[in-house]
Amino acid sequence: MATEEKPPQDATRRLQPKKQTLDDAYAVPANFLEIDVLNPITHGVARKRYTDYEVRMRTNLPVFKMKELSVRRRYSDFEWLRNELERDSKIVVPALPGKAWIRQLPFRGDEGIFDEEFIEERKKGLEMFINKVAGHPLAQNERCLHMFLQDPVIDRNYVPGKIRNS
């Protein structure tokens, strides 16, 4: 008669998770990337009017050379970034908030795309967009994203490519 060997219970026992202390819970996270879109400002008059937004980044990710920075960007800059990522990266790029064509029609009884409520909604949509994009590990290596987040002026004649960690 053959006897069945039973595996030792230690081999199948679950690992006990380490208890989290308050110091662990409130410590700086190992890796973080925070991007806020805020402080919209409308510039110009009549047909030369536009709104730009402050894009504020804080991170400790080694791929970014600057750890805390703020730049101003227009909606068209977000469109540029989306187009660059769609063309040059292998990620699925999320949609931007809409262009609001109807709000741009003349003879409306409101401020159109310069209405405070519209600007606030667009700001929220732009923040969702940039956080989804920048949170993607493959997008974090794209030169266009680094330029968008860290350079005061976007060089639209740049050479697309990847950022290498030094």
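Note that the structure is a prediction, hence the values are computed from the model and not measured. (Residues numbered from 1 in each chain as written. Predicted model: local features only at pLDDT ≥ 70, side-chain atom pairs only at ≥ 80, totals over all residues. Heavy atoms only, no water.)

Considerations on unusual backbone geometry
So the rule is basically this: Every helix listed is a DSSP run of H or I at least four residues long, and every strand listed is a run of E at least two residues long, numbered separately from the N terminus. Note on exposure labels: buried denotes an accessible area under 20% of the residue type's maximum, exposed denotes more than 50%, and partly exposed covers the range between, all computed with a 1.4 Å probe on protein chains only.
Despite not being glycine, N39 shows a phi value in the positive range, around 50°. With respect to the helices, strands and loops of the structure, N39 is situated in strand β1 (residues 33–43). Judged by relative accessible area, which is 40%, N39 ranks as partly exposed.

Re the sheet that holds strand β2 (residues 50–59)
We count it as follows: One requirement defines pairing of two strands: DSSP has to find at least two bridges between them. Each axis is a line fitted through C-alpha atoms, taken for helices only over the stretch in contact, and angles between the N-to-C directions span 0 to 180 degrees. Pairs of residues are marked as contacts when any of their non-hydrogen atoms sit within 4.5 Å.
Strand order in the open sheet formed by three strands is β1-β2-β3, and the pairing between neighbours is antiparallel. Strands with a single pairing partner mark the edges of an open sheet, and in this sheet they are β1 and β3 (68–74). The average undirected angle you get between the axes of adjacent strands in this sheet is 20°. Pairing of β2 with β3, which is carried by seven bridges, proceeds in the antiparallel orientation. Opposite R58, over in β3, you have E68 as the bridge partner. Against the sheet, helix α3 (residues 75–88) contacts β1, β2 and β3, and its axis sits at roughly 105° relative to β3. Helix-sheet contacts for helix α4 (residues 116–134) involve β1 and β2, and the interaxial angle to β1 is about 150°.

Some points on the packing of aromatic side chains
The test is simple: When the centres of two rings from Phe, Tyr and Trp lie within 6.5 Å, Trp using its six-membered ring, the rings pair. Their planes under 30 degrees apart give stacked, over 60 give edge-to-face, and anything left gives tilted.
Enumeration over the complete set of coordinates arrives at three aromatic pairs. Pairing F78 with F129 gives two aromatic rings, centres 6.4 Å apart and planes at 65°, and the pair type is edge-to-face. With F78 in helix α3 and F129 in helix α4, this pair connects stretches of sequence that are 51 residues apart. Accessibility classification places F78 together with F129 in one group, the buried group. Relative to Y158, the ring of W80 lies with its centre 5.7 Å away and its plane at 65°, an arrangement referred to as edge-to-face.

Topic: the nonpolar core
Stated formally: To define a nonpolar core, start from buried Ala, Val, Leu, Ile, Met, Phe, Trp, Tyr and Cys residues and group those joined through side-chain atoms within 4.5 Å.
In terms of nonpolar packing, the biggest core is built from 32 residues, with F78, L81, I130 and L149 touching the most fellow members. Apart from the residues within four sequence positions on either side, L149 is in contact with I35, V55, M57, F64, L69, V71, I130 and A134.

Thoughts on the packing of α3 against α4
How we decide: Comment on the angle field: the value is read as roughly parallel under 35 degrees, roughly antiparallel over 145, roughly perpendicular from 65 to 115, and oblique elsewhere. For any helix crossing, the convention is left-handed if the near helix is rotated counterclockwise from the far helix by under a right angle, and right-handed if that rotation is clockwise. Throughout this entry, Asp, Glu, Lys and Arg are counted as charged residues, while Ala, Val, Leu, Ile, Met, Phe, Trp, Tyr, Cys and Pro are counted as nonpolar. The remaining residues, Gly among them, count as polar.
For the pair α3 and α4, interaxial distance at closest approach is 12 Å and the crossing angle is 30°. When the interaxial angle is binned, α3 and α4 end up roughly parallel. Crossing handedness for the pair α3 and α4: left-handed. Contact with α3, carried on its side by Y75, F78, L81, R82 and L85, involves R122, L126, F129, I130 and V133 of α4 and no other residues of that element. Its residues assigned to classes, the contact of α3 with α4 comprises eight nonpolar, no polar and two charged.

Things to note about helix α5 (residues 143–150)
Turn by turn, an α-helix covers 3.6 residues, leaving residues three or four places apart pointing in a common direction. Where burial is concerned, most of α5 is hidden: seven out of the eight residues are buried. Where α5 is buried, its residues contact β1, β2, β3, α3 and α4.

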